[in-house]
Amino acid sequence: GVAHNAKLYALKIVSGCNGWAYYSDIVAAWDWAVSHKNDDPSNPILIINTSFGGNKYLSACDSSQQSLAAAANNAVANGISLFGSSGNDGYIDGISSPACVSNSISVGAVYDANVGYHGYSICTDSTTAADKVTCYSNSANFLDILAPSHDAYTTAVGGGYTSMFGGTSAASPYAAGAGALVQSYAKSVTGSYFSAGELKARLLKG
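Counting starts from 1 at the beginning of each chain's written sequence and moves along it residue by residue. The predicted nature of this model means local features are confined to residues of pLDDT at least 70 and side-chain atom pairs, given and counted, to a pLDDT of 80 or more, with totals for whole chains, interfaces and linings taken over all residues. As a rule here, side-chain values cover all heavy atoms of the structure and leave hydrogens and water aside.

## Focus: unusual backbone geometry
Logical step 1: In this model, Ser 97 is joined to Pro 98 through a cis peptide bond whose omega is 10°.
Logical step 2: By definition, any uninterrupted DSSP run of H or I lasting at least four residues is a helix, any uninterrupted run of E lasting at least two residues is a strand, and each is numbered from the N terminus. By secondary structure assignment, the location of Pro 98 is in the loop between strand 4 (95–97) and strand 5 (104–111).
Logical step 3: The peptide bond linking His 150 to Asp 151 adopts the cis configuration, its omega dihedral lying at -20°.
Logical step 4: With respect to the secondary-structure elements, Asp 151 resides in the loop between strand 8 (145–150) and strand 9 (152–155).
Logical step 5: The backbone of Asn 55 sits at a positive phi, close to 70°, despite the residue not being glycine.

## Here's the deal with the side chain of Gln 183
Logical step 1: Of note, Gln 183 is situated in helix 3 (residues 168–190).
Logical step 2: Two N or O atoms form a polar contact when they lie within 3.5 Å of each other; inside protein one atom must be a possible hydrogen donor and the other a possible acceptor, and for residues adjacent in sequence the pair counts only when both atoms belong to side chains. Only 2.8 Å separates the side chain of Gln 183 from the backbone nitrogen of Phe 194, close enough to count as a polar contact.
Logical step 3: Contact between two residues is taken to exist if any of their heavy atoms lie within 4.5 Å; hydrogens are not considered. Apart from the residues lying within four places of it in its own chain, the contact partners of Gln 183 are Leu 46, Tyr 193, Phe 194 and Leu 199.

## Considerations on the pairing of strand 3 (residues 81–85)
Logical step 1: Burial classification: accessible surface area is computed with a 1.4 Å probe over protein chains only, and a residue below 20% of its type maximum counts as buried, one above 50% as exposed, and the rest as partly exposed. Along strand 3, five of the five residues are buried, which leaves the element largely enclosed by surrounding structure.
Logical step 2: Both faces of strand 3 are covered, namely the face carrying Ser 81, Phe 83 and Ser 85 and the face carrying Leu 82 and Gly 84.
Logical step 3: Two strands pair when backbone bridges link them, and strand 3 and strand 5 are joined in this way by four bridges, in the parallel orientation. Its bridge partner being in strand 5, Phe 83 is matched across the sheet by Ile 105. Paired strands are those between which DSSP finds at least two bridges.

## Some words on the pattern of salt bridges
Logical step 1: We define a salt bridge as a contact between a side-chain nitrogen of Lys or Arg and a carboxyl oxygen of Asp or Glu at a distance within 4 Å. This model, assessed by the stated rule, comprises three salt bridges.
Logical step 2: Note that Asp 144 and Lys 200 form a salt bridge whose closest N and O atoms lie 3.9 Å from each other. Taken as a pair, Asp 144 in the loop between strand 7 (124–125) and strand 8 and Lys 200 in helix 4 (residues 196–205) lie far apart in primary sequence, 56 residues in all.

## Considering the environment of Gly 167
Logical step 1: Within the element layout of this structure, Gly 167 appears in the loop between strand 10 (161–165) and helix 3.
Logical step 2: Classification of Gly 167 by relative accessible area gives buried; the value is 6%.
Logical step 3: C-alpha separation for the pair Gly 167 and Asp 89, spaced 78 residues apart in sequence, amounts to 10 Å.
Logical step 4: Residues within four places of Gly 167 in sequence aside, it is in contact with Asn 88, Ala 109, Tyr 136, Ser 149 and His 150.

## Notes on helix 1 (residues 23–35)
Logical step 1: With 13 residues, helix 1 should reach 18 Å at 1.5 Å per residue; the first-to-last C-alpha distance of 18 Å fits that figure.
Logical step 2: Listed in full, the buried residues belonging to helix 1 are Ile 26, Val 27, Ala 29, Trp 30, Ala 33 and Val 34. With its buried residues spanning 160° around the axis, helix 1 presents them on a single face.
Logical step 3: Elements in contact with the buried residues of helix 1: strand 1 (47–50), helix 2 (66–77) and strand 3. Multiplying 1.5 Å by the residue count of a helix minus one yields the expected span of that helix. When we speak of the arc, we mean the arc of directions from the helix axis to the C-beta atoms.

Rendered as C-alpha cells:
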C-alpha cells in the first residue's frame, strides 16, 4: 500500500448483482462521500478512487456526462479529490468515463520495474521497464497522470493475497494513496489540508 494508515470507506457501486452500474449509482456514491465527509472529523473524506469505467472519450466529457460532471464538481467544491482509472482498452487518443470528467484526476498505468514479458488479451509488452506505459493503458492528451500498476501485491477476493493485480484499476488507487500522503503532509506542516484544486496541481507538477 501507499498510504498505510489511511482510513477507508468501501462503497459497492453496482446495480444489484449484475456486475455493472448506472451512472446514477456512481453519482450517488460520490454524493454520499460529500454528505459523510466529516462523520469522523479527525479523518475527513478527502479522496475518492473510482477504478472502473467504460466507453471512449476524445476530450473532457462534462457536456455529455452532465450528472457525473456535476457530482464531481460538487465533490471538489467540498474539498474531495476524485481519482479515476483511464481504462484498459489500449486507446492512444481517448479515456473512459468517469475519469474523463474534467474535475477527476485521470490515471493511466506504467510498470514500476522490469517485470519481464507481459501479454494481455488486446496487446503484448515483450519488454518492460520502470515508467514504461503499459500497452493496454488508455491515454490521451488530456490524461492527467500515470502510476504503477503491475504487478501489484494486494488482498485477493476470497481471502489472502495476490501478486498479479494490475490494470489502470491498480494504478488509480496507487495515485489516490499518493494524494492521501500529500494531504497528510499538508495537514502536519501547515495545519490544514490542500484544496482539491491545489492537490491536483501539485500532483500534476510532480
